[in-house]
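Overview (structure and organization)
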Amino acid sequence: MKKILLIASLTGLCLTVIPSFLVLGGKISWAFHSNLMMLGMLLWFISAPFWFGKEKDRSE
Amino acid sequence: MSGNSNRLAERLDAMYEFDREPVAENKLQGFTNFLGLYAGEHVAGTEFILGPLFVVHGVAAADLFIGLIIGNILAVLSWVFICAPIAVRCRLTLYWQLRKICGPYLTYIYSIVNALMFCFLAGAMIAVAATAVGLPFNMPMPGLSDVYPGSISWIVIVAVVGGIVTLLAILGFEKISRFSKICAPWMFLVFVAAAVSVLPSLGCHSLGDFWRVANEKIWTGTAVEGQLQFTIWHVMFFAWFANLAMHIGMADLTILRYAKKWQYGFASATGMFLGHFVAWIASGILCAAASGTVAPGPIAYLGAGVAGAVCVVIAGWTTANPTLYRAGLAFQIATPNWKRWKVTLATGIATTIAACFPALVMKLMDFVALYGLLLMPMGAVILVDFWVLPKLGMRSNFTEWRKGLFSLPAFISWTGSIGISFMLPLEIYFKALPAWFAAVIIYLLLSYVEQLRSGKEVART
């Protein structure tokens, strides 16, 4: 389960940043990039709270 | 009077009781924890404003890049060589370190000044979040020279955002603190992505075009009319002193006391170079793409759409919330008969009223410089007390040793150094350096006089 969450989170971060470089290179439109960023945001916030920073909290 | 004095000291101590003892060996944290902590802390709501302000102050591209690199390196070195060595030797919070040197009264005054600064910072962050919340309502955005609220809708939205932030601060901030950690990597990428996606609108279609566009369209070297013209010195000193209260001012003793070695101070480089370099550059690009608009909501939306607007709300909210909570905590000492929720509510109302004034955001650079300047001298006092006094045969923590409530040398060096700095014909960004030297000299001389006059054994045992 944790692996799936990790993959979802990383996909979220990739969807946040990679499309902007495709806009810079003229490969995709700004509107498409904006939608992908929104999708990335949803993926990150749905998956990251279940694993991100949890181990650190326990060690504190 | 003496009874009242002791009660104040007891109340103050009770607020910080849980971290009274030095950090135990088994509680020390690894280097990577500090990397994450500093990165998260310095990619915040303020970055959405500071980057654009460099653009409107007419910084030239080369000045910006070189100034930020030098300034951020100086900031990191300040953490490494000034704050961290004392943190790992004493392993105490700033509060308890000051308490030993200055006594509870002066520490209390310092806490209140700090809390007031926190309120203004929280107010600025509420205003930042409001610029994004107002987007769907077509709210008129505050302009660069606006001082007073420009519309009823601005006041209403600031009040709503301030109300929510205050309510959440009343409920506590631990969960929000964890939420802000989760937001940090995503927020940083939003900064980068938003900036990269607007580059084509500035005429940059590949990374090879960047430097030309940076010089011609973004950091042009010409200030907006009515704004101070910045040079490389302004950039360098601002980057160095943006967190003056934290490094030279020693507030980060509280964080770095968990470090295994003083070299962990180098972890601050993540915060400086991700937040105070990449994020400032990114938000500057967004400002240029938005034709000089500095309101964070619209510029983030321009670059990243809905995700950008959400990022601004979250950045403002996660910065304002713990800040407001800590300010409420400090004020509670002054109002012991009030419940904590009442104090936080009152603090939140005052902060929200302050947030209605756009000047708080538009003059953020001046505020950040003032914030550091007001708190920094206490860091100089700690430095001298810890390193210099014992070397001159004097006693460190003299006020604690004589069971005093107030250190006059520390008070005079604090207020005197600030007074001297304001008399100097320098811009606010440059006042901190002479103020630091003034604080060091005043504290050294007055400590010598105090310990000499005490007629007691002053040699360090």
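Residues numbered from 1 in each chain as written. Chains lettered and ligands numbered in written order. Predicted model: local features only at pLDDT ≥ 70, side-chain atom pairs only at ≥ 80, totals over all residues.

Thoughts on the overall build of chain A
What counts is decided by this rule: Secondary structure follows DSSP: runs of H or I at least 4 residues long count as helices, runs of E at least 2 residues long count as strands, and numbering of each begins at the N terminus. The quantity called the radius of gyration is restricted to C-alpha atoms. Its globule counterpart is 2.2 Å times the number of residues to the power 0.38. Here a residue counts as buried when 20 or more other C-beta atoms sit within 10 Å of its C-beta, as exposed when there are 12 or fewer, and as partly exposed otherwise, the C-beta atoms being derived from the backbone. Working definition of a contact: two residues with C-beta atoms, positioned from the backbone, lying within 7 Å.
A count of helical and extended segments in chain A gives three helices and zero strands. When the helices and strands of chain A are listed from N to C terminus, the series reads α-α-α. Taking 2.2 N^0.38 as the reference for a compact globule, 60 residues should give roughly 10 Å; the C-alpha atoms of chain A span a radius of gyration of 14 Å, well beyond that estimate. Referenced to the eigenvectors of the C-alpha coordinate spread, the extents of chain A come out at roughly 45 × 20 × 15 Å. For chain A, with 60 residues in total, the buried portion stands at 32%. Of the contacts formed within chain A by residues at least 6 apart in sequence, a portion of 67% connects residues at least 24 apart.

Let's talk about the interface of chain B and chain A
The condition that has to hold: Side-chain classes are defined by residue name, with Ala, Val, Leu, Ile, Met, Phe, Trp, Tyr, Cys and Pro counting as nonpolar, Asp, Glu, Lys and Arg as charged, and the others, Gly among them, as polar.
Every contact between the two is made by 20 residues of chain B and, on the other side, 21 residues of chain A. At the level of elements, α7 (174–198) and α12 (296–332) of chain B are the ones that each hand at least two residues to the side of chain B that touches chain A. For the side of chain B that touches chain A, the residue count by class is 14 nonpolar, four polar and two charged.

Thoughts on unusual backbone geometry
All names here are of chain B. Positive phi values are uncommon outside glycine, yet arginine 91 reaches one of about 55 degrees. Given 22 C-beta atoms within 10 Å, arginine 91 falls into the buried group. With a phi angle near 75 degrees, methionine 250 is a residue other than glycine that sits in the positive phi range. Note that methionine 250 resides in the loop between α9 (232–241) and α10 (253–256). Using a count of 26 C-beta atoms within 10 Å as the deciding quantity, one classes methionine 250 as buried.

Considerations on the packing of helix α5 (residues 94–133) of chain B against α12 of chain B
All names here are of chain B. Rules: For helices, the axis comes from a line fit to the C-alpha atoms of the stretch in contact; other axes are also lines fit to C-alpha atoms, and the angle between any two N-to-C directions lies between 0 and 180 degrees. Note on terminology: angles under 35 degrees are roughly parallel, angles over 145 are roughly antiparallel, angles of 65 to 115 are roughly perpendicular, and the others are oblique. Crossing handedness is read from the near helix: turned anticlockwise from the far helix by less than a right angle, it gives a left-handed crossing, and turned clockwise, a right-handed one.
The interhelical angle for the contact between α5 and α12, taken along N-to-C directions, is 155 degrees, at an axis separation of 7 Å. Of the possible angle classes, the one that applies to α5 and α12 is roughly antiparallel. Of the two possible hands of crossing, α5 and α12 adopt the one that is left-handed. A breakdown of the residues in the contact of α5 with α12 according to their chemical character gives 25 nonpolar, seven polar and one charged.

Some thoughts on the confidence of the model for chain A
Rule in force here: Scored from 0 to 100, pLDDT reflects the predictor's confidence in each residue.
Taken as a whole, chain A shows an average pLDDT of 90; of its residues, 90% reach a score of 70 or greater. For chain A, per-element mean pLDDT is lowest for helix α3 (residues 54–59) of chain A, which scores 49, and highest for helix α2 (residues 30–47) of chain A, which scores 97.

As for the packing of helix α6 (residues 152–170) of chain B against α12 of chain B
Residue and element names in this part refer to chain B. Look at α6 against α12: their axes get within 9 Å of each other, and the N-to-C directions meet at 55 degrees. Our classification of the angle between α6 and α12 gives oblique. Crossing of α6 against α12: the hand is right-handed. Facing α6, whose interface residues are Val165, Thr166, Leu168 and Ala169, α12 presents Trp317, Ala320, Asn321, Leu324, Tyr325 and Gly328. Within the contact of α6 with α12, the residues separate by chemical class into seven nonpolar, three polar and no charged.

Brief notes about the nonpolar core
All names here are of chain B. To be explicit about the condition: Structurally, a nonpolar core is described as a collection of buried Ala, Val, Leu, Ile, Met, Phe, Trp, Tyr and Cys residues joined by way of C-beta atoms within 7 Å.
Ile126, Ala129, Met187, Leu286 and Ala300 are the most contacted members of the largest nonpolar core, which has 187 residues in total. When residues of this core are assigned to their parent elements, the largest contribution, 24 residues, is made by α5. Ignoring anything within four residues of it in the chain, the contact list for leucine 286 reads Ala194, Ala195, Val198, Ile299, Ala300, Leu302 and Gly303.

Focus on helix α17 (residues 408–423) of chain B
Residue and element names in this part refer to chain B. Condition: In this analysis, the expected span of each helix is defined as 1.5 Å times one less than the number of residues it contains. The directions considered for the arc are those from the helix axis to the C-beta atoms.
Along its 16 residues, α17 runs 22 Å from first to last C-alpha, staying within 8% of the 22 Å computed at 1.5 Å per residue. Those residues of α17 lying buried are Pro409, Ala410, Ser413, Trp414, Ser417, Ile418 and Ser421. Here the buried residues of α17 occupy an arc of 155 degrees about the axis, which is enough to place them on one side. For α17, the exposed residues set more than 90 degrees away from the buried face come down to Gly419, Phe422 and Met423.

Focus: the environment of leucine 10 of chain A
Residue and element names in this part refer to chain A. When you line up the elements, leucine 10 lands in helix α1 (residues 2–24). Assessed through the 14 C-beta atoms surrounding it within 10 Å, leucine 10 is described here as partly exposed. Taking the C-alpha atoms as reference points, leucine 10 and leucine 24, 14 residues apart in sequence, are found 22 Å from one another.

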